[in-house]
Amino acid sequence: MHLAYPAVLAALLFCTGLYGVLARRNAILVLMSVELMLNAVNLNLVAFDIWLSKTARDTLHSGQALTLFTIAIAAAEIGIGLAIVLAVYRNRGTSDIDKLRDTAEGPDSGAPAAEKAEATA
Amino acid sequence: MTTTTLAVLVPLLPFLGSAAGLLLGRTAPGFVRPLAVLPTLAALGLAVLVAVRQGGGQAVNAATELTPTGSVPIELALHIDGFAALVAVLVGLVASCVQIYSTGYLRDDPRYPSYAALVSLFTSAMLLVVYSGDLIVLLVGWEIMGICSYFLVGHYWETPEARAASIKAFLVTKLGDVPFLIGLFALATDAGSFRITKVLGTVTSGGLHHPTLVALLLLAGVAGKSAQFPLHTWLPDAMAGPTPVSALIHAATMVAAGVYFIARLLPVFQASSVAMVVLAVMAAVTMAGSALAALAQDDIKRVLAYSTIGQLGYMTGALAVGDRGAAVFHLLSHGAFKALLFLAAGVIIHASGTNSLAAMSRMKDLRARVPDAYWTMTVALLALAAIPPFSGFFSKEAVLGAAEHVATGHTEHAPGAAGWIVLVAGLLTAVLTAAYATRLWLLAFRGRGAEAPDHGRQPLTMTVTLWVLAVPSLAFGLAYGPLPDWFDDRDLTPVLTTSVLGTGLALVGGIVTYGAWRHTTAMAARVPLGAVAAHPEGDAGLVEAEAIASHAPAYGNVASAPDPADPGRLLLGPLHRHAAVGFHLDAVYATLFVRPVQGAAAVVRFLDREVVDTYVRGAGALPRWLGAAVRRAQTGNVQTYVSALLAGTVVLVVAALLVATGA
């Protein structure tokens, strides 16, 4: 199989993920998009590992090994991410990223505090 | 041990005691009292031994140079002649008495350890000044005394009076010490050495280039230390310190250091007749002015402080007529009886709960409460008023005799004008001295009105020291016979003319004051007055601190009281108002020095706040505006941030590709 197929597929996956991260408002969908981007990278890693081992320049399959690490770390990351989203949802009643603007630097620094107080109430 | 070793130990022992006291004060409170008293007593014993071995004969000289110090060598030198030996004995005696007295006086004081250590350090510094044969070593002791005085005047630092007084004492004496230092350098440059013997040798051989300038510069330091006009204003205020400190530092020893210094370097001053006349005028103004001021004071310790200034005036007067034997004779007898007066005043303040003479004059039977203080103070006041046969009579007559000797033109070593100035001022002061001594005695011990409060017996340590000091006050005058052997071999026997004149004038002063008192005492009952300490059962130090702090609120100011029954008010008439505030010298200093300095400080503050700070604020404004602009980009929306990150990455990638392809 030519290298172009997995590479194009990975690029499409990555772009879909990027679009999701930038455009989606639901935090869970943003996390899912992040997973898409990670998997696009995994696909690239595996594909190039095969391509390099064919030319006998890499016999250790370090690309595939790295993919395993990425999967493990992605699992941990998504676990923490979902836990945070759940905690935020329980606390605020929403997981809309557009409404989570506590770190905003406004001309009146009292506004976020008031917003937060409103949210906790 | 050789005399030199003994002499080195004399200042060293109190110093070690002081260091140990400062180190162990907190950890081992039980050792504080022995560490304060025993080294001082040992120093006294050794000083007596040194005096006996020296015996007024050939001066003991010893010197060692620790390290080369550049052009003019500085040596650790001793120069013990008869003056040094006897003054050291006086210092040791008064310091021992004061240390013993303090164990009773400040027995409940939480700061007693540091207090006792500072008194020991002071004693050591004074002994160093007395024995030193090198002017720089002398200066070291001189300055240590100054800083000890600062700390001890401020012992009751909770009261604003004590804080202000300690700073004032320090600044005024330093004002004199700066010219003093320059004078020492000028002297050493001419002599090529700081050794006193070599300096005196240079003076005898006429090697001093600017005797008048040097003498006047040195005189400034002496005026500051010995509280002579016009730098005397710190001494009355220094009475805000504890009474034992006033007795040791501000009456018997430190203030005498200036006189002692001139006595050591008298040939330097004699080389300039201008300096001698300036000295005489200074002594005369000091004597007469302080005696008038003493007559108007209400605080018993301030009376004694002005009296000290006046008696120091007698000593400088004796020096102005070139008779250092008489000066040091008066220094010794005055040291004993003035220390006694202060210590007795401390007992009286403790017993009566007030330091105000006006309040004491409304207490009946105060003398029955403190019989020891009553009798010893009577002795000391008689000595102060120069009534024969007490010690003050002989020493003061020696001064007046020397002045008369010079005034009538018998000697070449001092200008005749100086003699007349000192003689006239001395006789005038004799009247006033007797007057304020009588006033003090009558007001303190012959009061009428309510019964004096009874707080039980005074501590034994406080009363015994009074009697110890009463012995020299009573009998030291008889030493006029053997003393010339120790001094310059000049006769100190009272001269008939001045004796009769001086004693007569003293009697006149006393009788006039008694008459005035009889006249005014009826008024005392009609004008009730008096405030006593809030904690009469506390130790004497606490009572005194409260008495000092309450004087201004109770009587209007720290110096005088609105008491129409005061004989001093009747005697001084319209002058009383001015005498009570020390002839407005403080106000003059406030106008001349304090206000300009405060004005300059205000200008500097304005420059700092309004000019310098404007530039600093301006420099900060631009970064602040830029920061505000950048902060606006921070919306809190994570997706915006990621978009910006993506855009940045894309730009970087494109740039990297362009560079890589070489486009």
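Note that this is a predicted model, so its numbers are computed, not measured.

Glancing now at the overall build of chain B. When helices and strands are counted, chain B shows 28 helices and four strands. Considered along the principal axes of its C-alpha atoms, chain B spans approximately 120 × 70 × 50 Å. Sorting the 663 residues of chain B into buried and exposed places 57% on the buried side. Taking the contacts inside chain B whose residues are at least 6 apart along the sequence as the reference set, 81% of them involve residues at least 24 apart. As presented, chain B carries roughly 25,500 Å² of accessible surface, and 71% of it is formed by carbon and sulfur atoms.

Counting secondary structure elements, chain A contains four helices and zero strands. Listing the helices and strands of chain A from first to last along the sequence gives α-α-α-α. Counting the 121 residues in chain A, one finds 24% classified as buried. In chain A, once contacts between residues fewer than 6 apart in sequence are set aside, the share between residues at least 24 apart is 55%.

So, on to the nonpolar core. Judged by nonpolar contacts, the single largest core of 207 residues is most densely connected at Y131, F261, L265, M377 and F487 of chain B. One finds L18, V30, M37 and V85 of chain A within the second-largest nonpolar core, a separate group that totals eight residues.

Interface extent is often summarised as the accessible area lost during association of the parts. If you look at the interface, chain A gives 16 residues, while chain B gives 11 residues. Of all residues in chain A, the largest losses of buried area upon contact with chain B belong to L22, R101 and E105 of chain A, amounting jointly to 48% of the total for that side. For the interface between chain A and chain B, the tally reads zero salt bridges. At the junction of chain A with chain B, the criterion picks out three residue pairs in polar contact (both at pLDDT 80 or more). Considering every element that reaches the side of chain A that touches chain B, the biggest residue donor is helix α1 (residues 4-23) of chain A, with five residues.

Once that is clear, we can look at the environment of L18 of chain A. Relative to the helices and strands, L18 of chain A resides in helix α1. Take L18 of chain A: its relative accessible area is 16%, and that puts it in the buried class. Look past the residues within four positions of L18 of chain A in its chain and what remains in contact with it is M37 of chain A together with L646 of chain B.

It is worth spelling out a nonpolar patch on the surface at this point. Residues and elements named next belong to chain B. Where nonpolar side chains cluster on the molecular surface, the patch consists of V603, F606, L607, V611, V612, Y615 and V616 and spans about 690 Å² of accessible area. Tracing the backbone through its elements, the reader meets V603 in helix α27 (residues 585-632). Take V603: its relative accessible area is 48%, and that puts it in the partly exposed class.

All names here are of chain B. The final tally for this structure, using the stated rule, is 18 aromatic pairs over all chains. Plain terms: the ring middles of W142 and F180 are 4.5 Å apart, the flat faces sit at 10 degrees to each other, and that makes the pair stacked. Remark: F180 occurs in helix α6 (residues 160-191) and W142 occurs in helix α5 (residues 135-153); sequence separation between them is 38 residues. Side by side, W142 and F180 carry an identical accessibility label, which is buried. With centroids separated by 5.8 Å and ring planes inclined at 35 degrees, the aromatic side chains of Y514 and W517 adopt a geometry described as tilted. With Y514 and W517 both in helix α23 (residues 496-526) and three residues apart, this pair spans about one turn of that helix. Among the aromatic residues, those joined into a ring-pair cluster are Y374, W375, W441 and F445. Above the plane of the ring of Y112 lies R33, whose end atom (NZ or CZ) is 4.7 Å from the centre. Above the face of the F170 ring, K174 is positioned so that its terminal group lies 4.7 Å from the ring centre.

What counts as what
- Residues numbered from 1 in each chain as written.
- Chains lettered and ligands numbered in written order.
- Predicted model: local features only at pLDDT ≥ 70, side-chain atom pairs only at ≥ 80, totals over all residues.
- Heavy atoms only, no water.
- Helix = DSSP H or I, 4+ residues; strand = E, 2+ residues; numbered from the N terminus.
- Buried < 20%, exposed > 50% of the residue type's maximum accessible area, 1.4 Å probe, protein only.
- Contact = heavy atoms within 4.5 Å.
- Areas by Shrake-Rupley, 256 points an atom, 1.4 Å probe, with all protein chains shown as cover.
- Core = buried A, V, L, I, M, F, W, Y, C linked by side-chain atoms within 4.5 Å.
- Buried area = accessible area lost by both parts, 1.4 Å probe.
- Salt bridge = Lys/Arg side-chain N within 4 Å of Asp/Glu carboxyl O.
- Polar contact = N/O pair within 3.5 Å; in protein donor to acceptor, adjacent residues only side chain to side chain.
- Patch = residues over 30% accessible without salt bridge, like charges linked within 9 Å, V, L, I, M, F, W, Y side chains within 5 Å.
- Phe/Tyr/Trp six-rings, centres within 6.5 Å; stacked < 30°, edge-to-face > 60°.
- Lys NZ or Arg CZ within 6 Å of the ring centre and 35° of its normal.

What is shown is where atoms sit, not what they do.
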